[in-house]
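In case you want the letters, here they are:
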Amino acid sequence: MEPRSVEELMDLLYACRGTRDVPVRARPPVDPHDHALRTAALLRRSRPADKELQVAGLVQPVGGLLWPGDHAGRADQAADAVRALLGERVSRLVRHCPRRDAPADDNLLTLRQATEEGRTAGFDAGVLEDWRTVLELLAARNSRLKAVD
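Below or above, wherever it landed, is the structure these notes cover. (Residues numbered from 1 in each chain as written. Predicted model: local features only at pLDDT ≥ 70, side-chain atom pairs only at ≥ 80, totals over all residues. Heavy atoms only, no water.)

Here we look at the overall build of the protein
Quick reminder of the rule: Every helix listed is a DSSP run of H or I at least four residues long, and every strand listed is a run of E at least two residues long, numbered separately from the N terminus. To sort residues, take the accessible area from a 1.4 Å probe on protein chains only and compare it with the maximum for the residue type: under 20% means buried, over 50% means exposed, and anything in between is partly exposed. Two residues form a contact once any of their heavy atoms are found within 4.5 Å. To measure how exposed things are, a 1.4 Å probe is used in the Shrake-Rupley method; for residues, cover is taken only from the protein chains shown.
Looking only at helices and strands, the protein features eight helices and zero strands. Traced from its N-terminal end to its C-terminal end, the protein shows the element sequence α-α-α-α-α-α-α-α. The buried share among the 149 residues of the protein stands at 47%. Partitioning the contacts of the protein with sequence separation of at least 6, the portion at a separation of at least 24 is 61%. Entry remark: accessible area of the protein is about 7,600 Å², with carbon and sulfur atoms responsible for 54%.

Examining the nonpolar core
The condition is simple: Put simply, a nonpolar core is a bunch of buried Ala, Val, Leu, Ile, Met, Phe, Trp, Tyr and Cys residues held in one set by side-chain atoms that sit within 4.5 Å of each other.
Of all hydrophobic cores here, the largest spans 37 residues; its most connected members are Leu9, Leu58, Val59, Leu86 and Val90. Those residues within four positions of Leu9 in sequence are excluded, and the remaining contacts are Pro3, Val59, Val62, Val82, Leu85, Leu86 and Leu135.

Description of the side chain of Ser91
Tracing the backbone through its elements, the reader meets Ser91 in helix H6 (residues 88–96). Apart from the residues within four sequence positions on either side, Ser91 is in contact with Ala79, Asp80, Val82 and Arg83.

Here's the deal with the pattern of salt bridges
To keep it simple, the criterion reads: Any Lys or Arg side-chain nitrogen located within 4 Å of an Asp or Glu carboxyl oxygen qualifies as a salt bridge.
Throughout the structure, instances matching the rule amount to eleven salt bridges. Measuring nitrogen to oxygen at the nearest pair gives 3.0 Å for the salt bridge that ties Arg95 to Asp76. Remark: Asp76 occurs in helix H5 (residues 74–86) and Arg95 occurs in helix H6; sequence separation between them is 19 residues. With relative accessibility at 16%, the residue Arg95 sits in the buried group. Relative accessible area serves as the criterion here: at 23%, Asp76 is assigned to the partly exposed category.

A word on the environment of Arg99
Take Arg99: it is sitting in the loop between H6 and helix H7 (106–120). Judged by relative accessible area, which is 26%, Arg99 ranks as partly exposed. Taking the C-alpha atoms as reference, Arg99 lies 9.5 Å from Arg112; in sequence the two are 13 residues apart. The contacts of Arg99, once residues within four sequence positions are left out, are Asp76 and Arg112.

Focus on the packing of H6 against H7
Selection criterion: Working convention: axes come from line fits to C-alpha atoms, limited for helices to the stretch in contact. Angles between N-to-C directions cover 0 to 180 degrees. Relative orientations are named as follows: roughly parallel for angles under 35 degrees, roughly antiparallel for angles over 145 degrees, roughly perpendicular for angles from 65 to 115 degrees, and oblique for any other angle. Working rule for handedness: look at the near helix, and if it is turned counterclockwise from the far one by less than a right angle, call the crossing left-handed; if clockwise, right-handed. Lys, Arg, Asp and Glu make up the charged group, whereas Ala, Val, Leu, Ile, Met, Phe, Trp, Tyr, Cys and Pro make up the nonpolar group; the residues left over, Gly among them, are polar.
With their axes 10 Å apart at the nearest point, H6 and H7 run at an angle of 55° to one another. Comparing their axes, H7 and H6 come out oblique. Once H6 is placed against H7, the crossing between them reads as right-handed. Contact residues: Arg89, Leu93 and His96 in H6; Asn107, Leu108, Leu111 and Arg112 in H7. Looking at side-chain class alone, the contact of H6 with H7 contains three nonpolar, two polar and two charged residues.

So, the packing of helix H2 (residues 32–46) against helix H3 (residues 51–59)
Closest axis-to-axis distance for the H2/H3 pair is 7 Å, and the angle between their directions is 165°. The angle between the axes of H2 and H3 places the two elements in the roughly antiparallel class. Here the hand of the crossing between H2 and H3 comes out right-handed. Every residue of H3 that contacts H2 at Ala36, Leu37, Thr39, Ala40, Leu43 and Arg44 is listed here: Leu53, Gln54, Gly57 and Leu58.

See below:
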C-alpha cells in the first residue's frame, strides 16, 4: 500500500501507536509511533530548516506496519511507500538509514544518530498532528515537481 495523501499517511502513522517493534541486536522493543515522534523532534532541534530530514525520521515506522514480517526489507518498503508523496530525498534517507554498509553523508549520519537517541530519549515529543503542516508542505512541493516532469 502506498499512501496517496497526507491523510492516509497520518492514518498509517497513527496506526503504529501502541504496537511494539521487534527488538534488534538485543535492544528492548519500542513503540514505533513514540520513537518516530522523538526522532523527528530531535531532528527538528538539530536541523530546524531541513524538513525532509525531519520527516524521514517521522515516517520510518511505516514499513514495519505495512510489512510486519519482512524485517530486512522494512526500510525499502517504507521508502517505496512514501516516495510518491514525499519525494525522492525522503525516500532515499528512509531507505539508507538502517544500512550501515551504505555510504553515509552528513544528513544520513544525523538521521541515524537521532534514530538511536530517539530509542532512549525521555521527553515529550508532542503529537503527530504537530507534523501535519510539514507533511502537507512536502507533499505539495513534491506534487508540483511531478507536474513539471
